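Working through the structure, step by step
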Amino acid sequence: MTSNPPKVNIFIPGQQSITLQGVVGTLEGMVLCPKVYQTSTIAVVCHPHSLHGGSMNNKVVTTIARTFRDLGVCSLRFNFRGVGHSVGEYAEGVGESEDLDQILQWIQQQYPGIKIILAGFSFGAYVTYRIAHKWPLVLLISVALTVNRFDFNSVPQPTCPWLILQGEQDDIVPSQVVYNWIEKLNTKPTLIRFADADHFFHGQLVELRTELQSQIKSIL
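Residues numbered from 1 in each chain as written. Predicted model: local features only at pLDDT ≥ 70, side-chain atom pairs only at ≥ 80, totals over all residues. Heavy atoms only, no water.

1. A closer look at the nonpolar core
Core analysis: the biggest nonpolar cluster contains 47 residues, and Phe-78, Leu-100, Leu-104, Ile-107 and Trp-181 have the highest contact counts within it. Here the element with the most residues in this core is helix α3 (residues 123-132); it accounts for seven residues. For Leu-100, the residues in contact, after removing those within four places along its chain, are Val-44, Cys-46, Phe-78, Leu-118, Val-127, Thr-128 and Ile-131. Counting 25 residues, the second largest nonpolar core, distinct from the first, contains Phe-68, Val-73, Leu-163 and Phe-194. (Core = buried A, V, L, I, M, F, W, Y, C linked by side-chain atoms within 4.5 Å. Buried < 20%, exposed > 50% of the residue type's maximum accessible area, 1.4 Å probe, protein only. Helix = DSSP H or I, 4+ residues; strand = E, 2+ residues; numbered from the N terminus. Contact = heavy atoms within 4.5 Å.)

Shown next, in the form of structure tokens:
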């Protein structure tokens, strides 16, 4: 990445493909913007595990992106290393968070003073959590937080507003494990429970979208 990257307009209404620069190579991205939007905020949405079929086209990820569009906020999602046309290999969340950090730096260079929301689903929630403490975020959204599979305790807790959404029927991240972990935090995030949702929110995407809209509206 150069110190003075060329200006790229990512706030074009509709959906557009974009190529991003990661630490080890280019990354495939997608921007989704509403027809009427506020350019002062952008949401960056991260997908589930790269080695288990996760991509920026995951249904939970695209549901989150469409929710932001309907609220007048532009969203950017991208494929992690080794997924789709993104260069590189799976890097256990460390390399992926380095790429995310570089993308956020690029966004700030392109749009000085822009407000940033980070959202992640499953593995993507771990990636976003790893760098959330470094950025003055408007909001951190974590869906199906994988506290049973990755080390969350070695990373400082974010100080921004934080929303956790958890399915009670999650067979990959047991809900009680998440609740017990939250209880140990110094500052408690806002926790939304979905009684009938599994890890991938099968049959519950409308409920997820509705709850997200309500919560995000209260912060924007």
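2. A word on the sheet that holds strand β4 (residues 74-78)
Within a beta sheet, neighbouring strands are joined by backbone hydrogen bonds and run either parallel or antiparallel to one another. What the eight strands build is an open sheet, ordered β1-β2-β4-β3-β5-β6-β7-β8; its pairing is mixed. Since the sheet does not close on itself, it has two edges, and those belong to β1 (14-21) and β8 (190-194), each with one partner. Recorded for the sheet is a direction-independent mean angle of 20° between the axes of neighbouring strands. Here six bridges tie strand β3 (residues 41-46) to strand β5 (residues 115-121), and the two strands are oriented parallel to one another. Among the inter-strand pairings, Val-44 is bridged to a residue of β5, identified as Leu-118. Of the strands in this sheet, β2 (26-33), β3, β4, β5 and β6 (139-143) are in contact with helix α1 (residues 59-70), which crosses β4 at around 160°. Across the sheet, helix α2 (residues 94-110) is in contact with β1, β2, β3, β4 and β5; its angle to β3 comes to roughly 165°. (Pairing = 2+ DSSP bridges. Axes fitted to C-alpha atoms, helices over the stretch in contact; angles between N-to-C directions.)

3. Considering the side chain of Asn-79
In this fold, Asn-79 is placed in the loop between β4 and α2. The class for Asn-79 is buried, based on a relative accessible area of 4%. At 2.9 Å, the side chain of Asn-79 forms a polar contact with the backbone nitrogen of Met-56. Not counting residues within four places of it along the chain, the set of residues in contact with Asn-79 comprises Leu-27, Glu-28, His-47, Ser-55, Met-56, Gly-84 and Ser-86. (Polar contact = N/O pair within 3.5 Å; in protein donor to acceptor, adjacent residues only side chain to side chain.)

4. Digging into the state of the cysteines
Within the structure shown, the criterion is met by one disulfide. The disulfide bridge from Cys-33 ends at Cys-74, spanning 2.2 Å between sulfur atoms. Residues Cys-33 and Cys-74 are joined through a disulfide that is left-handed, its torsion about the S-S bond being -45°. On the criterion of sequence distance, the pair formed by Cys-33 in strand β2 and Cys-74 in strand β4 is long-range, its members being 41 residues apart. Both residues of the pair, Cys-33 and Cys-74, belong to the buried class. The structure places no disulfide on Cys-46, whose sulfur is separated from the nearest cysteine sulfur, that of Cys-160, by 14 Å. Residue classification places Cys-46 among the buried positions, given a relative accessible area of 0%. (Disulfide = S-S within 2.5 Å.)

5. Examining the pattern of salt bridges
Scanning all chains against the criterion turns up five salt bridges. Among the salt bridges present, the one from Arg-81 reaches Asp-99, with a minimum N-O distance of 2.7 Å. Of the two residues, Arg-81 is situated in the loop between β4 and α2 and Asp-99 in helix α2; the sequence distance between them amounts to 18 residues. Asp-99 sits in the buried class, given a relative accessible area of 1%. With its nearest N and O atoms 3.2 Å apart, the salt bridge here joins Lys-134 to Asp-101. Of the two residues, Lys-134 sits in the loop between α3 and β6 while Asp-101 sits in helix α2, which places them 33 residues apart along the sequence. Looking at Lys-134, the relative accessible area reads 49%, which means it is partly exposed. The network of salt bridges with shared partners includes Arg-69, Asp-70 and Arg-209. (Salt bridge = Lys/Arg side-chain N within 4 Å of Asp/Glu carboxyl O.)

Spatial relationships are all this shows, so hold off on functional conclusions.
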